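Commentary on secondary and tertiary structure
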Amino acid sequence: MPDRRKPLVIVTRKLPDVIETRMMELFDARLNIEDRAMTRDELMAAMAEADVLVPTVTDTIDAGVIEAAGPRLKMIASFGTGVDHIDLAAAHARGIVVTNTPGVLTEDTADMTRALILAAARRLVEGERLVRSGEWTGWSPTSMLGHRLYGKRLGIIGMGRIGQAVTRRARGFGLSIHYHNRRRVHPEIAQELEATYWESLDQMLARMDIVSINCPRTPATYHLLSARRLALMKRDAILVNTSRGEVIDEAALTRMLQRGELGAAGLDVFEHEPAVNRKLLKLPNVVLLPHMGSATLEGRIDMGEKVIVNIRTFIDGHRPPDRVISTEF
Ligand code: 8YV
């Protein structure tokens, strides 16, 4: 990058004020104050012009969009941890450095996972809707029965930072923790987590009362919970997803919930976001949230600060701390 001018940094969505202000001070920043998601053409135009693009999960940066990158574009500093919306191979082939914002939304996402586990098991949203509807006729010994969490088994798919943060919280619920991961966690972490490792996802699924998805979306995890695997789960099991919708075959999950072949689900993410399977909307045994797992003001500011650090480090000629080489599970 030429060193005498500030780099043109194009930000695709509205970020917290404090982050935008700092970006304006540091860079030739082009902000999106209206927060209207960019069209594919607009993204391509931004790629053609910018030195650095700051996209979010709502921008699909596929090979075609990367093809539109101009000679100045050297970096995609994504605002978010997941990078499944970016074709990493195409970016790397063009010599474009990709960074993300890991670590700073771990605790918030784990909190939301815990909230969904509790909400789905104890029917929190159904109960709230009943009170608001004005149709609540009073307490009865058999009304609104959910399921006890204490003493149940939680199976975590993906024991990275977020999986581990979920584990620490879930122990407070009195859950025993099991996990499936591409490989076992480091022995020291395993000792602290007191979690049982399952090499076979199929075998783990069949034995869990609650399953939480905390792995990234990669080619290997697309429909990891396929119709076949969902059918292995206990009939009254609860499935929670705060990762990416594509990890579950949403149509198969919906069918099973409709037929009572699965107990309940807590979903913060969907396969075709923001579209949600219309049949899911009608089911009482699902808690549905609008991809808000990491939606705290503190988290968004931390993410923005990470983006800034990554850009500045790169501009200064160093390797940015959150460079993404590849994703794996
Ligand atoms: C972010 C997320 O809010 O970081 C991620 O991977 O899924 C979200 O929680 C979003 O990605 C921002 O781009």
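Residues numbered from 1 in each chain as written. Predicted model: local features only at pLDDT ≥ 70, side-chain atom pairs only at ≥ 80, totals over all residues. Heavy atoms only, no water.

**Looking at the domain arrangement of the protein**
Domain boundaries assigned for the protein yield domain 1 (8-104 + 296-315) and domain 2 (106-134 + 145-288). Put simply, the middle of domain 1 and the middle of domain 2, counted by C-alpha atoms, are 30 Å apart. Facing the eight residues of domain 1 at the interface are five residues of domain 2. Both sides together, the interface formed by domain 1 and domain 2 hides about 550 Å², and carbon and sulfur atoms give 41% of it. The largest contributions to the domain 1 side of the interface with domain 2 come from Asp84, Gly103 and Thr296, which together make up 60% of the buried area. Connecting domain 1 to domain 2 are one salt bridge. (Domains from an automatic or database assignment. Contact = heavy atoms within 4.5 Å. Buried area = accessible area lost by both parts, 1.4 Å probe. Salt bridge = Lys/Arg side-chain N within 4 Å of Asp/Glu carboxyl O.)

**Considering the sheet that holds strand β1 (residues 8-11)**
Read from one edge to the other, the open sheet built from five strands follows the order β2-β1-β3-β4-β5, with strand pairing classed as parallel. In this open sheet, the two strands that pair with only one neighbour each are β2 (28-30) and β5 (97-99). Averaged over neighbouring strand pairs, the angle between their axes works out to 15° when direction is ignored. Pairing of β1 with strand β3 (residues 52-54) involves three bridges; the strand directions are parallel. Bridging across to β3, Ile10 finds its partner in Leu53. (Pairing = 2+ DSSP bridges. Helix = DSSP H or I, 4+ residues; strand = E, 2+ residues; numbered from the N terminus. Axes fitted to C-alpha atoms, helices over the stretch in contact; angles between N-to-C directions.)

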